[in-house]
Amino acid sequence: MNPRSTWEKVDEYITERLIPQDDVLESVLAANQQARLPAYDVTPAQGKLLHLLVRMQGAKRIMEIGTLGAYSTIWLARALPSDGHIVTLELDPFHAQVARSNIALAGMNDKIELRVGDALEQLARMAEEGVEPFDFIFIDADKPNNPKYLKWALHFSHPGTVILGDNVIREGEVVNESSQDPRVNGVRRFYDLLAEEPRIEATAIQTVGSKGYDGFVLGIVNS
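The structure displayed is predicted, hence computed values, not measured ones. (Residues numbered from 1 in each chain as written. Predicted model: local features only at pLDDT ≥ 70, side-chain atom pairs only at ≥ 80, totals over all residues. Heavy atoms only, no water.)

K.L.:
Teacher, can you tell me more about the overall build of the protein chain here?
P.N.:
A tally of regular secondary structure across the protein chain gives eight helices and seven strands. A buried classification covers 48% of the 223 residues belonging to the protein chain. Excluding contacts between residues fewer than 6 apart, the proportion of contacts in the protein chain whose partners are at least 24 apart in sequence is 71%. For the protein chain, the accessible area works out to roughly 11300 Å², and carbon and sulfur atoms hold 52% of it. (Helix = DSSP H or I, 4+ residues; strand = E, 2+ residues; numbered from the N terminus. Buried < 20%, exposed > 50% of the residue type's maximum accessible area, 1.4 Å probe, protein only. Contact = heavy atoms within 4.5 Å. Areas by Shrake-Rupley, 256 points an atom, 1.4 Å probe, with all protein chains shown as cover.)

Next up, the structure:
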């Protein structure tokens, strides 16, 4: 049997057994597909993992770099307490338009702040505004800028902040030192910075599933 076919079937099994049907989230995915957004959404199982990590940590403030259609954003926001807040950054105005509609559908306008524009510019502006640190930060945007996003994530962290980075295995290409792919090289520099940076302790996990062979980095900011 094709390994990728097996991975997809296992993902379907996990979703069927552990993730109750959710009309809102299914409508969000359908809206993203109808709008022809890139198929970059996390899977339902990954969305629930984000949700559980936020709940485990007891986070009240979340930052997400890379909104797309807000599927992951909604999973994150649903884990927040009544006084919780999430700031999510999206480059593309059309993606942001779809995301706003999905956020409204989920009834999350009061919890989710969507900022539109270049993420690095938005992060610099947030620093000028004196935005307070976040408890949980999810990095899931353009990979060449991952090292810069990590530096900003550390800026907006406090001891105990959890930082999660997605798509950091790249079908195994992350070990290819001669890769000419700027996404792979961005991820490799991301690892280099994590290895050198004393403020964060991290590990990476390889994953397989309906999105193929990839993985994520999970780190916690030291005191």
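K.L.:
Hey, could you run me through the layout of surface pockets in this one?
P.N.:
Empty space among the atoms becomes apparent when a probe as large as a water molecule is rolled across them. There is about 790 Å³ of room inside the largest pocket. If you go around the largest pocket, you meet 32 residues; those closest to its centre are Tyr40, Asp140, Ala141, Asp142 and Lys143. For the lining of the largest pocket, the secondary-structure elements that each account for two or more residues are β1 (61-65), α4 (71-78), β2 (85-90) and β7 (212-221). Partitioned by chemical class, the residues of the lining of the largest pocket number twelve nonpolar, seven polar and 13 charged. (1 Å grid on protein atoms, 1.4 Å probe; cavity = no way out; pocket = protein on both sides within 12 Å on 5 of 7 lines; lining within 4 Å. Points joined across faces, edges and corners; volume = space filled by probe spheres on them. Nonpolar A, V, L, I, M, F, W, Y, C, P; charged D, E, K, R; others polar.)

K.L.:
Would you take a moment to explain helix α8 (residues 182-196) for this structure?
P.N.:
Structurally, the α-helix is built with 3.6 residues per turn, so residues lying three or four positions apart point the same way. With 15 residues, α8 extends 21 Å from end C-alpha to end C-alpha; this agrees with the ideal 21 Å at 1.5 Å per step. For α8, the set of buried residues is Val184, Gly186, Val187, Phe190, Leu193 and Leu194. On its buried face, α8 is in contact with β4 (136-139), α7 (146-155), β6 (200-209) and β7. For α8, the capping residue at the N-terminal end is Asp181, with a side-chain oxygen 2.8 Å from the backbone nitrogen of Arg183. (Expected span 1.5 Å × (residues − 1). Polar contact = N/O pair within 3.5 Å; in protein donor to acceptor, adjacent residues only side chain to side chain.)

K.L.:
Which parts of the structure should I look at to understand the pattern of salt bridges?
P.N.:
Where charged atoms from two side chains of opposite charge come close, those side chains can pair. With the rule as written, the count across this model stands at nine salt bridges. Among the ionic pairs, Asp83 bridges to Lys60, the shortest N-O distance being 3.3 Å. Of this pair, Asp83 sits in the loop between α4 and β2 while Lys60 sits in the loop between α3 (44-57) and β1, placing them 23 residues apart in sequence. Here Asp181 makes a salt bridge to Arg183, at a shortest N to O gap of 2.8 Å. Judged by its relative accessible area of 41%, Arg183 falls in the partly exposed class. Because the salt bridges share partners, they merge into one network encompassing Glu113, Arg115 and Glu129. (Salt bridge = Lys/Arg side-chain N within 4 Å of Asp/Glu carboxyl O.)

K.L.:
In this structure, what is going on with the sheet that holds strand β5 (residues 162-166)? I would like to understand it.
P.N.:
Paired through backbone hydrogen bonds, the strands of a sheet run either parallel or antiparallel to each other. If you walk across this open sheet you meet the seven strands as β3-β2-β1-β4-β5-β7-β6, and the pairing is mixed. Strand pairing shows two members of the sheet lacking a second neighbour, β3 (112-116) and β6, which therefore form its edges. The sheet shows a mean angle of 15 degrees between the axes of neighbouring strands, taken without regard to direction. With four bridges connecting them, β1 and β4 associate as parallel partners. Directly across from Glu64, in β4, lies its bridge partner Phe138. Sheet strands touched by α3: β1, β4, β5 and β7. Its angle to β4, the strand with the most contacts, is close to 160 degrees. (Pairing = 2+ DSSP bridges. Axes fitted to C-alpha atoms, helices over the stretch in contact; angles between N-to-C directions.)

K.L.:
Looking at this structure, how should I read the packing of aromatic side chains?
P.N.:
Each aromatic ring pair is specified by the distance between its two centres and by the angle formed by the two planes. Scanning the model with the defined rule gives two aromatic pairs in all. Measuring from ring centre to ring centre gives 6.1 Å for Phe134 and Phe156, while their planes differ by 65 degrees; the resulting arrangement is edge-to-face. Highlighted residues: Phe134 in the loop between α6 (119-129) and β4 and Phe156 in the loop between α7 and β5, separated in sequence by 22 residues. A ring pair is formed by Trp152 and Phe156, whose centres lie 5.9 Å apart and whose planes are at 25 degrees; its orientation type is stacked. Taking the relative accessible area as the measure of exposure, Trp152 reaches 23% and is therefore partly exposed. Among the aromatic residues, ring-to-ring pairing joins Phe134, Trp152 and Phe156 into one connected group. Just above the ring of Phe134 sits the side chain of Arg61; from NZ or CZ to the centre is 4.5 Å. (Phe/Tyr/Trp six-rings, centres within 6.5 Å; stacked < 30°, edge-to-face > 60°. Lys NZ or Arg CZ within 6 Å of the ring centre and 35° of its normal.)

K.L.:
Would you mind showing me how to read the packing of helix α2 (residues 23-34) against helix α5 (residues 93-105) here?
P.N.:
Helix packing for two helices is described by the angle between their axes and how far apart those axes are. Between α2 and α5, the shortest axis-to-axis distance is 10 Å and the interhelical angle comes to 165 degrees. The pairing of α2 with α5 is recorded here as roughly antiparallel in orientation. You can see that α2 and α5 cross each other, and the crossing is right-handed. Residues Val24, Ser27, Val28, Ala31 and Asn32 of α2 lie in contact with α5, whose contacting residues are Val98, Asn102 and Leu105. Grouping the constituent residues of the contact of α2 with α5 by class yields five nonpolar, three polar and no charged. (Parallel < 35°, antiparallel > 145°, perpendicular 65-115°, else oblique. Left-handed = near helix turned anticlockwise from the far one by under 90°.)

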